[in-house]
Amino acid sequence: MFESRITGAALESAPGRFMPGEFMLLSEGNPVAINGQEASIHDLLICDLDGVCRLNDQRFACDRFACLPEETDAIDRLGAEVAGHSREWMWEGLLTVGVVDPGWQEDLGRHPLELAIKEYLPYLRNVFHRPIRHLRIDTESVLTAKARRLAKAAPDYLAAHPEDWDGRTVLGVKPKRVLAKVRQEELDIYENRLAVRLVDHLSLFLARRIRRLREIEGMLAAVGDFGQQLRGSHWLQNRVSRLWGDTMQSSRSLHVARELQKNLTQLRVQLLGMMDTELYENVPRRARIAGQIRMTNILRNDANYRFVAILWQTWFELAGEKPETDADFYRRMQRVHERHAQVSTMYVVKALAQLGFTEVTRNADLMQPDSELVVTRPEEPRITASIRRKENRTLFVGVHDRPVLRIAPVFYGLLDLMTERSALAYLEALRAGPRGDIPCLVVFPGSMASSRSALPSSVQDRMTFAAVDIGMSAGAVRFVPVSPYDITSTERLARCLRWFIFSGYFLQYPWMLPANSQAILTRHGLLGPAPHTLIKTDSGTRIGKIDQTQRLIEEMAGKCETWEKEVAASEAAATHFEDLIQKKHHDPSLRGQARAAKEKARTARAQLAELDPLRTDLARALSYTRSLMTCPCCGTVNADAASAVLRDNATFGVKCVECECEWGIGICGECHRRYPFIRIARIERYIEGVNAPGWEEMTVGQDILATPRLLPDGTVRFECPWCGHV
């Protein structure tokens, strides 16, 4: 039996086509072999070296390369560092881990193979321009005018083939074609095959190095833009600066990355030029050379070929792909999938810390299965959240003991490896397939950089998180890319978690009180001259003006205190009268006075029982409403609520007196459903002219709930998370 890590559905057998790591072995009742390897419970379904997943005797289509090679290496390195730090300090350890590839600074240095390519490239170029050729003499039937040297069997061949006669004379046969010896120059020899395959290997090595440097350049350029305040809000700039720290001067590193990328591109252009030569075209593409070469006389003694042999050996030692068995590949891919889950967990922890959460549960190692971490916000709004890791490497996020989100780390580069057709087909299969009971966020390796994906923007938008069309619907699946080369990965996850954790808290407004609240307060004479303090609705009574409600609670507390004193005094009087009666006092009024004291105590207790619960509910409602007055950007508590507008249609809006940020609950003009929003000051300046996928993380980051849109008239409206209407 298998379990979908995305939907949580249990399947008796694997589907026809799936992503690597999407399904996990759930039971071990019967022996199961995955790709010829004995599988253990909780192993993931992955493919073999041939791009096929073999499950016992069944074969399923699957993608071999789950991610770009350079990103796989980066995730492997970062995941190893995350695993080490989590064992040492748990929550604190994960917060100390960097968010980018720990080996990026080493990548800015010159690789020894690059130096060897630069040194021996002239000799390799000479080989392609003046290759050694072997002469081969063949016997062929050619036109008589082209024959230079007849073969020994030419007379017998001519006698047996009259179709090659041009005519007959009295002297004999006049031939049209004769059997002659033809000399041909052969380029397909071992030494030339070695040179051709070396060009292929070196070109691939340089392409990967250039791609990695391009990722580092994009990361450093983004950091530089944030640092120089050329991009994003100042809240976003400060958070990125804290993530990046002072580990390196990004401007100098950016210059080094660009220069190195330029030099390697020049080397690769020269290698690509060799692919247009006669030698490259005459060596079959299927001609392969094993890792270790055999040294021939040409490779030992020729002035050019001997350096080709040296360059091959250098490549094989430093960058050659070593032979890998199915067992080695299976174990390596299972490890890399686990590394990606560890990296995703680290990003989730950092995102929660950015949202203001601190650890409550001590020594909770989220790298271990069935572990749980409880976090809370020490500031308003005070929300308690939990993260529980399951055996299938998924994380469940809960708010006040209520699960709200499943996070499924899937090691597959959706943006990098999928075509438009396959991406749309997969999204449609997810939409039509079984759904879980809570929304799922698929965390996959990738970046929103424009150079990474060839997918159209419309498809990329569906491969990245957006509040549109997910709302709080059960089982909805959305995607979020993270990458060790993308400095905004934490910001992107924080934006997702803010929606799932905070939107439900916002939408609890207004805090509803019992429907008879106004009647109770009227009976006690507490509404006074401000009848709009509590507003009657069909489903109950909601809180109104905050300052008036505070005064009302104080009046209620005074009333309750009076009733409590009266209860105590009446009970004491009744007890006193009963004591006198027991002592056989003959005053006939004692029994009447005792009954009156008991009745007075009962009446006061009834008044207190009616008013005190309402006072508690009203105080809780006021505390909740006041928590909504805390600015989500700067944390300023707008205690006087002078800029808060509590509307009658269950919406509200607040404007911070410190940073001028606005937040609250709006209502859609199309579907008439409520949605939470955050609008930072001068947001139109940040989002103007940006519409590329992932623009939210580059402009406002986590400081939004509903997605803001800039209209042609310059006003900012919010996209309804339920219907998409702006």
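Residues numbered from 1 in each chain as written. Predicted model: local features only at pLDDT ≥ 70, side-chain atom pairs only at ≥ 80, totals over all residues. Heavy atoms only, no water.

**Describing helix α16 (residues 489-506)**
Compared with the 26 Å implied by 1.5 Å per residue over 18 residues, the 25 Å span of α16 between its first and last C-alpha is a close match. Along α16, the sharpest change in direction is near 30 degrees and occurs at W499. (Helix = DSSP H or I, 4+ residues; strand = E, 2+ residues; numbered from the N terminus. Expected span 1.5 Å × (residues − 1). Bend = angle between axes of the 7 residues up to and from the residue.)

**Quick notes on the environment of I216**
Structurally, the position occupied by I216 is in helix α6 (residues 190-227). Residue I216 is classed as buried on the basis of its relative accessible area of 0%. Expressed as a C-alpha distance, the spacing of I216 and A257, which sit 41 residues apart in the sequence, is 7.2 Å. In this structure I216 touches W104, D107, L108 and Y485, once residues within four positions along its chain are discounted. (Buried < 20%, exposed > 50% of the residue type's maximum accessible area, 1.4 Å probe, protein only. Contact = heavy atoms within 4.5 Å.)

**Some details on the packing of aromatic side chains**
One pass over the structure, following the stated rule, counts 11 aromatic pairs. Arranged with centres 5.7 Å apart and planes meeting at 25 degrees, the rings of Y120 and F307 form a pair that is stacked. Taken together, the residues Y120 in helix α4 (residues 112-129) and F307 in helix α11 (residues 305-318) connect sequence positions 187 residues apart. In this structure, Y120 and F307 share a single accessibility class: buried. Taking 6.4 Å as the distance between ring centres and 55 degrees as the angle between the ring planes, the aromatic pair formed by W315 and F316 counts as tilted. Across the pair, F316 and W315 agree in class, each one buried. An aromatic cluster is defined as three or more aromatic residues linked by ring pairs; in this entry it consists of Y120, Y123 and F307. The ring of Y190 has R294 sitting right over it, with the charged end atom 3.9 Å from the ring centre. For the cation-ring pair, K390 lies above F396, with the distance from its terminal atom to the ring centre recorded as 5.5 Å. (Phe/Tyr/Trp six-rings, centres within 6.5 Å; stacked < 30°, edge-to-face > 60°. Lys NZ or Arg CZ within 6 Å of the ring centre and 35° of its normal.)

**Considering the sheet that holds strand β1 (residues 2-4)**
Reading across from one edge, β2-β1-β3 is the order of the three strands in this open sheet, with antiparallel pairing throughout. Two strands bound the open sheet, and with one partner strand each, they are β2 (10-11) and β3 (23-25). Sheet topology note: the β1/β3 ladder contains three bridges and is antiparallel. Bridging across to β3, S4 finds its partner in F23. (Pairing = 2+ DSSP bridges.)

**Comments concerning the pattern of salt bridges**
Scanning the model with the defined rule gives 32 salt bridges in all. Among the ionic pairs, D486 bridges to R492, the shortest N-O distance being 3.1 Å. A single burial state applies to D486 and to R492, both of which are buried. Two residues, D617 and R620, come together in a salt bridge whose shortest N-O distance is 3.1 Å. (Salt bridge = Lys/Arg side-chain N within 4 Å of Asp/Glu carboxyl O.)

**Brief notes about the environment of T549**
Checked against the element boundaries, T549 lands in helix α18 (residues 546-582). Residue T549 is classed as buried on the basis of its relative accessible area of 0%.

**What to know about the packing of helix α12 (residues 326-354) against α16**
Axis separation between α12 and α16 bottoms out at 8 Å; the angle between their running directions is 65 degrees. One finds that α12 runs roughly perpendicular with respect to α16. Regarding α12 and α16, the two cross each other, and that crossing is right-handed. For the pair α12 and α16, the contacting residues are S344, Y347, V348, K350, A351, L352 and Q354 in the first and S489, T490, E491, L493, A494, L497 and I501 in the second. Of the residues that constitute the contact of α12 with α16, the class distribution is eight nonpolar, four polar and two charged. (Axes fitted to C-alpha atoms, helices over the stretch in contact; angles between N-to-C directions. Parallel < 35°, antiparallel > 145°, perpendicular 65-115°, else oblique. Left-handed = near helix turned anticlockwise from the far one by under 90°. Nonpolar A, V, L, I, M, F, W, Y, C, P; charged D, E, K, R; others polar.)

**Observations concerning the confidence of the model for the protein chain**
Low pLDDT means the predicted atomic positions in that stretch should not be read closely. Confidence along the protein chain averages 82 in pLDDT terms, with 90% of residues attaining 70 or more. Across the protein chain, the element-wise mean pLDDT spans from 71 in strand β20 (residues 534-537) up to 94 in α4. (pLDDT = per-residue confidence, 0-100.)

**Structural notes on the side chain of S203**
With respect to the helices and strands, the residue S203 is situated in helix α6. Residues in contact with S203, not counting those within four places in the same chain, are R268, L271, L272 and M275.

**Re the nonpolar core**
Ranked by internal contacts, the top residues of the largest apolar core, which has 167 residues, are L124 and L497. No other element matches the 16 residues that α6 contributes to this core. Setting aside anything within four residues of it in sequence, one finds L124 in contact with A195, L198, V199, L202, L271, M274, V308 and L311. Counting 20 residues, the second largest nonpolar core, distinct from the first, contains L415, L427, C440 and V442. (Core = buried A, V, L, I, M, F, W, Y, C linked by side-chain atoms within 4.5 Å.)

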